[in-house]
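# Results of the structural survey
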Amino acid sequence: MAEQIKQQPAFVKISELRPGAFGLNLTVKVVSSKAIMTRGRNGTQGRNMRLAECLVGDETGIVVFTARNDQVDAMKEGSTVILRNAKIDMYKGSMRLAVDKWGRVEVTEAAAFSVKEDNNLSLIEFELITVEE
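Notes on the structure in this doc start here. For clarity, every value in this text was computed on a predicted model and none was experimentally measured.

What counts and what doesn't
Residues numbered from 1 in each chain as written. Predicted model: local features only at pLDDT ≥ 70, side-chain atom pairs only at ≥ 80, totals over all residues. Heavy atoms only, no water. Buried < 20%, exposed > 50% of the residue type's maximum accessible area, 1.4 Å probe, protein only. Helix = DSSP H or I, 4+ residues; strand = E, 2+ residues; numbered from the N terminus. Pairing = 2+ DSSP bridges. 1 Å grid on protein atoms, 1.4 Å probe; cavity = no way out; pocket = protein on both sides within 12 Å on 5 of 7 lines; lining within 4 Å. Points joined across faces, edges and corners; volume = space filled by probe spheres on them. Nonpolar A, V, L, I, M, F, W, Y, C, P; charged D, E, K, R; others polar.

Moving on, we get to the pairing of strand 3 (residues 61-68). Counting buried positions along strand 3 gives seven out of eight residues, so the element sits mostly inside the fold. Across eight bridges, strand 2 (residues 48-58) lies against strand 3 in antiparallel orientation. Along strand 3, the bridge assignment pairs alanine 52 with alanine 67. In this sheet, strand 5 (residues 94-98) lies alongside strand 3 in parallel orientation, the contact comprising three bridges. Pairing of valine 64 across the sheet is with arginine 96, part of strand 5.

It is worth spelling out unusual backbone geometry at this point. The phi angle at asparagine 69 is positive, at roughly 50°, despite the residue not being glycine. Tracing the sequence through the fold places asparagine 69 in the loop between strand 3 and helix 1 (71-74). For asparagine 85, which is not glycine, the phi dihedral falls at a positive 55°. Summarising the element assignment, asparagine 85 is placed in strand 4 (residues 80-91). Asparagine 85 sits in the partly exposed class, given a relative accessible area of 33%.

A separate point is the layout of surface pockets. Roughly 230 Å³ of volume is contained in the largest pocket. Every residue along the wall of the largest pocket is listed here: Arg68, Asn69, Asp70, Gln71, Lys87, Asp89, Ala98, Val99, Asp100, Lys101, Gly103 and Val105. Partitioned by chemical class, the residues of the lining of the largest pocket number three nonpolar, three polar and six charged. Considering only enclosed or pocket space, the second largest pocket measures out at about 170 Å³ in volume. Contributing to the lining of the second largest pocket are Ile36, Leu51, Glu53, Thr66, Arg68, Asp89, Tyr91 and Arg96. Here the residues of the lining of the second largest pocket sort into three nonpolar, one polar and four charged.

Next comes the structure, spelled out in structure tokens:
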């Protein structure tokens, strides 16, 4: 059996994000974090669902990140996190960064960059246009 060579993950910058992108790896700082929903389930499962909208960014711009459940704990204001296997979700025509069950959110040591807050990619509204030939 041939020895498999592992590839280093390719990290992208916020300014490179586009609608429909997936499999993204980013190192970002958390600018702000706001809990938007905490809901408990009735019944035998007994799990709570927590959602938070966080503004995350790097030296090229910022974007809204939707944190779910355990991810909410990692998204503290001012902390630096690595988002692995992230994707872009579209919500009302704007981009939202998200990490589902196949990805990972890791808190890491503080990054040396300062966040460029005047380039918010979540404020850009996109529209799907069908082209007929």
